[in-house]
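# Coordinates in review
Here are the chains, one letter per residue:
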Amino acid sequence: FEEVLWKCSQPGQRIDPADLDVPSWSWLSVDAPVHNKQRFDYERAFKQVATVTKPLSARYAADGLGHSKSLIIQGPLLKISWSTSRNQFGKTAYIFRFIDGPNLPRPSKCDWYPDVVPDEDWDLSVITMVLTKSGGCEAHGLVVKPNDVSGISWARVGVWQIFGYGDGGMDAIWGKRETITVV
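Okay, so let's go over this structure. (Residues numbered from 1 in each chain as written. Predicted model: local features only at pLDDT ≥ 70, side-chain atom pairs only at ≥ 80, totals over all residues. Heavy atoms only, no water.)

### Quick word on the pairing of strand β11 (residues 137-146)
- The buried count for β11 comes to eight of 10 residues, which makes it a mostly enclosed element.
- Summarising the sheet, strand β10 (residues 125-132) and β11 pair through six bridges and their orientation is antiparallel. Bridge pairing in β11 links valine 126 to valine 143. (Buried < 20%, exposed > 50% of the residue type's maximum accessible area, 1.4 Å probe, protein only. Helix = DSSP H or I, 4+ residues; strand = E, 2+ residues; numbered from the N terminus. Pairing = 2+ DSSP bridges.)

Okay, structure coming up:
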């Protein structure tokens, strides 16, 4: 579950599928520094709000190793608009706001970390994976974009996080659960 929440220190280049055929949700799909230091204490502080599974038809390959290039993720999905700014070190920072989503408590910080340098015309959404159980506002998830107009197949393009300050958890503000296939 947490393995899909890896983060690029800075946007890199997508690996050409002709060189290495890996899905967008794998850290092998980008030529960039990657880390996955985030761990969540599910007993006390956090809860999973999404599920991640492999398609049943692809669960077992001929060699029995279970190769699959797609993941089925079910969780709260919201459209976002994004922009860039400069952080205190002069580096590009990527921020977002929800288009049809929640009004977050102020001051809330909505950051996302792209895997590759994003195109300005990308139609992006976020899928929430982890939330704080109660008190404060902290959430983590994937930034995704549809691969085509059907909205069935999606590509991972980054991760996001929110650190906010409020009186309660964020349960009430995360819309309906949707199912997407990330390839």
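### Considering the packing of aromatic side chains
- Using the criterion set out here, one finds seven aromatic pairs in the structure.
- Between tryptophan 82 and tyrosine 94 the ring centres are 6.3 Å apart and the planes differ by 45°, which places this aromatic pair in the tilted class. Placement of the pair is tryptophan 82 in strand β7 (residues 71-86) and tyrosine 94 in strand β8 (residues 92-98), with a sequence separation of 12 residues.
- When the centroid spacing of 5.6 Å and the interplanar angle of 80° are considered together, the rings of tryptophan 82 and tryptophan 112 count as edge-to-face. (Phe/Tyr/Trp six-rings, centres within 6.5 Å; stacked < 30°, edge-to-face > 60°.)

### As for the pairing of β8
- Two strands pair when backbone bridges link them, and β7 and β8 are joined in this way by seven bridges, in the antiparallel orientation. Across the sheet, tryptophan 82 pairs through a bridge with phenylalanine 96, a residue of β8.

### A few points about the pattern of salt bridges
- Applying the stated criterion to the full structure yields four salt bridges.
- With its nearest N and O atoms 3.0 Å apart, the salt bridge here joins lysine 79 to aspartate 123. In this pair, lysine 79 is assigned in strand β7 and aspartate 123 in the loop between β9 (109-114) and β10, connecting sequence segments 44 residues apart. (Salt bridge = Lys/Arg side-chain N within 4 Å of Asp/Glu carboxyl O.)

### Considering the side chain of aspartate 115
- Checked against the element boundaries, aspartate 115 lands in the loop between β9 and β10.
- In terms of polar contacts, aspartate 115 uses its side chain to reach the backbone amide nitrogen of glycine 158, at 3.4 Å.
- Each residue touching aspartate 115, except ones within four places of it in the same chain, is listed here: Trp6, Cys8, Pro11, Gly12, Arg14, Ser24, Val30, Arg156, Val157 and Gly158. (Polar contact = N/O pair within 3.5 Å; in protein donor to acceptor, adjacent residues only side chain to side chain. Contact = heavy atoms within 4.5 Å.)

### Focus: the layout of surface pockets
- Counted as a void, the largest pocket has a volume near 500 Å³.
- Forming the boundary of the largest pocket are 18 residues, of which Ser9, Asn87, Thr92, Ala93 and Tyr113 lie nearest the centre.
- For the lining of the largest pocket, the elements supplying multiple residues, two or more each, are β8 and β9.
- Ranked by residue count, the leading element in the lining of the largest pocket is β9, at five residues.
- A per-class count over the lining of the largest pocket returns nine nonpolar, six polar and three charged. (1 Å grid on protein atoms, 1.4 Å probe; cavity = no way out; pocket = protein on both sides within 12 Å on 5 of 7 lines; lining within 4 Å. Points joined across faces, edges and corners; volume = space filled by probe spheres on them. Nonpolar A, V, L, I, M, F, W, Y, C, P; charged D, E, K, R; others polar.)

### A look at the side chain of serine 70
- Take serine 70: it is sitting in the loop between β6 (51-53) and β7.
- Contacts of serine 70, omitting those with residues within four sequence positions, involve Trp25, Lys54, Pro55, Thr181, Val182 and Val183.

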